[in-house]
Amino acid sequence: MKNNWYKFLAVGLLYYVLIWGFLGRIPRQPVLHETARNLYFHVPMWFGMFTMLSVSVWNSIKYLRSPQTLFDTKAAEYASTGILFGIVGIATGSIWARYTWGAWWTNDVKLNGAAIGLLIYFAYIILRGSFNDEQQRARISAIYNIFAVALLIPLLIILPRMTDSLHPGNGGNPGFKPMDTEHTMRIVFYPACLGWICLGYWITNLRLRLKNLEQIHQENS
Amino acid sequence: MKKILSLITFLLISVSLFAQENASNEIDMADKLYEDGRIYVVVAVVATIFTGIIVYLVNLDSKISKLEKQIKK
């Protein structure tokens, strides 16, 4: 029970978000209208992705400092959960873009940055699959992972702030200012981010335990 | 002087009122959906889907725990 608190937190927060995300009041905005509620669902995907990928690269660094298989598997599994969040984020963003900006895909810096970032991480998975030697795979993919994060941050965080972007608040500092002057959205948005991060942690944890069982099974047989 | 001041304040108030009206009433929102209470249907559907996913995850979790216990033995 003691180690399960984050699961309860994830479920509780996400129930709150799913219910209050629809029932809560949101500011009246032109263009966005009720789709502004997507802030509770689309944006937390990216927060989840960033958290998962940060934990992944942290484990990669730990692996390079002391090469233990556990760190490598952790890096891989967190990265794959991060990629899942990223794919869902880009898909939901595309749907939202269709109804607010008028096209499934626009040449917005942030969109292209997200697409390139995801491709970089797909390459990480392919890279991992292309080694037979475990140590070689772990070491090279750990280094690649660091490069991937080093590219992802300018692509998604720095560059969109430097040019014009359709995303609110870009070409400047993004925030709630254009979205929410009454703070009614913050009380749902922050729990949403935390809830999805906890859920991502749970899913990754399940995958890690499964990997561990697989390994024990292989060693025994 | 007083007349001009009161005129200016009146103008400012009316401008701010106009701005408020503009901001709040002319933008289409799903007010009808909320008045009808049909939004609860959407919430119920979403909550049901989420419940399903969570039940699935809890099941998976307990299955993995069982396997872990078996292997420990």
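Bear in mind the structure is a predicted one, so any value in this text is a computation, not a measurement.

Chemist: Which parts of the structure should I look at to understand the packing of helix α1 (residues 5-23) of chain A against helix α6 (residues 186-220) of chain A?
Modeler: What describes two packed helices is the angle between their axes and the distance between those same axes. All names here are of chain A. Where α1 contacts α6, the two axes come as close as 8 Å, and the packing angle between them is 140°. By the angle between their axes, α1 is oblique relative to α6. Note on packing geometry: the crossing formed by α1 with α6 is left-handed. When the residues that make up the contact of α1 with α6 are grouped by side-chain class, the tally is 19 nonpolar, three polar and two charged.

Chemist: Looking at this structure, how should I read the UniProt feature "domain: Cytochrome c assembly protein" (unreviewed entry) in chain A?
Modeler: Sites flagged by UniProt as "domain: Cytochrome c assembly protein" (unreviewed entry) map to residues 13-152 of chain A. Between the end C-alpha atoms of residues 13-152 of chain A there is a gap of 28 Å, over a span that is 76% helix and 0% strand.

Chemist: Looking at this structure, how should I read the UniProt feature "transmembrane region" (unreviewed entry) in chain B?
Modeler: Per the UniProt entry, the sites bearing "transmembrane region" (unreviewed entry) are residues 39-60 of chain B in this numbering. As annotated, residues 39-60 of chain B comprises 100% helix and 0% strand, and the C-alpha atoms at either end are separated by 32 Å.

Chemist: I would appreciate a short explanation of the nonpolar core in the present structure.
Modeler: Nonpolar side chains in soluble globular proteins tend to end up buried together. Tyr40, Met49, Tyr121, Leu199 and Trp202 of chain A together with Ile54 of chain B are the most contacted members of the largest nonpolar core, which totals 57 residues. Mapped by element, the contributors of at least two residues to this core are α1, α2 (42-65), α3 (69-100), α4 (109-129), α5 (134-162) and α6 of chain A together with α3 (39-72) of chain B. Examining the composition of this core, we find that 11 residues originate from one element, α6 of chain A, more than from any other.

Chemist: Can you help me understand the packing of α4 of chain A against α5 of chain A in this one?
Modeler: Residue and element names in this part refer to chain A. Contact pair α4 / α5: the axes reach a minimum separation of 9 Å and the direction vectors enclose 175°. With respect to each other, α4 and α5 are oriented roughly antiparallel. Residue-level inspection shows Val109, Lys110, Gly113, Ala114, Ile116, Gly117, Ile120, Tyr121, Ala123, Tyr124, Leu127 and Arg128 of α4 in contact with α5, the latter providing Arg137, Ile140, Ser141, Tyr144, Asn145, Ala148, Val149, Leu151, Leu152, Leu155, Leu156 and Pro160.

Thresholds, definitions, all that
- Residues numbered from 1 in each chain as written.
- Chains lettered and ligands numbered in written order.
- Predicted model: local features only at pLDDT ≥ 70, side-chain atom pairs only at ≥ 80, totals over all residues.
- Heavy atoms only, no water.
- Axes fitted to C-alpha atoms, helices over the stretch in contact; angles between N-to-C directions.
- Helix = DSSP H or I, 4+ residues; strand = E, 2+ residues; numbered from the N terminus.
- Parallel < 35°, antiparallel > 145°, perpendicular 65-115°, else oblique.
- Left-handed = near helix turned anticlockwise from the far one by under 90°.
- Nonpolar A, V, L, I, M, F, W, Y, C, P; charged D, E, K, R; others polar.
- UniProt positions renumbered as here; feature names shortened; annotations may be inferred.
- Core = buried A, V, L, I, M, F, W, Y, C linked by side-chain atoms within 4.5 Å.
- Buried < 20%, exposed > 50% of the residue type's maximum accessible area, 1.4 Å probe, protein only.
- Contact = heavy atoms within 4.5 Å.

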